[in-house]
Amino acid sequence: MKVVRVGADEVGGVVDGLAEVLVDSVAGGASMGFLLPFGLVDARAWWSRVEPEVAAGRTVLWVARESSGVVGTIQLRLELEYPNGRHRAEVAKFMVASWARGRGIGRALLGAVEAAAPGVGVSLLVLDTETDSPAEGLYRSAGWTELGVMPAHSADPWGVLRPTTFFFKQLAERVVAR
């Protein structure tokens, strides 16, 4: 397994694999922002909208690849609009295919984001996940701090409102201007 950063010119080459992982995650109950029914056409359309975000430098994208193809992904969404928040970024659309879980892929993807963030001027990371999801254990074991739980924050793929747990990780005290 290899984790690689994907440039805007490479997104098109991994859209099909990213779409499969997204469909698998939503079908498995992950609160990724989508409701069932959700298929490959929907997922490809969504991923195609990420390419301009990567090209504009607003989103940094990584994929985890094996010989079989894409098995996971993670994004770092940078705050570019407001100067007072350029030191922070959101970790988003973090998913590992159900058939590839339990092998350290998620930890490797999270580690890639944490290692790269200071290089793009980010010293504070934030993310959210469905409360009581398996991801909470990963974040805690990786040194993330729980900020709190918001009830009925997001709907699961079946449309049921679920609580969301918010986490942050301070990477450095020094703010680097971008």
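Attention in this report is confined to the structure presented alongside it. (Residues numbered from 1 in each chain as written. Predicted model: local features only at pLDDT ≥ 70, side-chain atom pairs only at ≥ 80, totals over all residues. Heavy atoms only, no water.)

### Observations concerning the layout of surface pockets
What counts is decided by this rule: Of the two site types, the cavity is a set of points on a 1 Å grid over the protein atoms alone where a 1.4 Å probe fits but cannot get out, and the pocket is an open set with protein on both sides within 12 Å along at least five of seven lines, each lined by residues with an atom within 4 Å of a point. Grid points are joined across faces, edges and corners, and a volume is the space filled by probe spheres set on the points. Counting from the N terminus, the helices are DSSP H or I runs at least four residues long and the strands are E runs at least two residues long. Note that Gly is not counted as nonpolar here; it falls among the polar residues with everything else outside the nonpolar set of Ala, Val, Leu, Ile, Met, Phe, Trp, Tyr, Cys and Pro and the charged set of Asp, Glu, Lys and Arg.
Counted as a void, the largest pocket has a volume near 980 Å³. A30, M32, F94, T129 and A135 are the residues nearest the centre of the largest pocket, which is lined by 36 residues in total. If you list the elements that add at least two residues to the lining of the largest pocket, you get β4 (88-96), α4 (105-116), β5 (124-130), α5 (135-141), β6 (145-155) and β7 (161-170). Among the elements that line the lining of the largest pocket, the one with the most residues is β4, at 7 residues. Of the residues in the lining of the largest pocket, the class split is 15 nonpolar, 13 polar and 8 charged.

### Some words on unusual backbone geometry
Negative phi characterises most residues that are not glycine, and trans characterises most peptide bonds. Rule in force here: With a 1.4 Å probe rolled over the protein chains alone, any residue whose accessible area is under 20% of its type maximum counts as buried; one over 50% counts as exposed, and the rest are partly exposed.
A cis amide bond, omega 0 degrees, links L36 with the succeeding residue P37. Along the chain, P37 falls in the loop between α1 (8-27) and α2 (40-48). If you check the backbone angles, D132 has positive phi at about 70 degrees while not being a glycine. With respect to the secondary-structure elements, D132 resides in the loop between β5 and α5. Among the residues examined, D132 registers a relative accessible area of 69% and is labelled exposed. A positive phi angle is found at A152, which is not glycine, with a value near 50 degrees.

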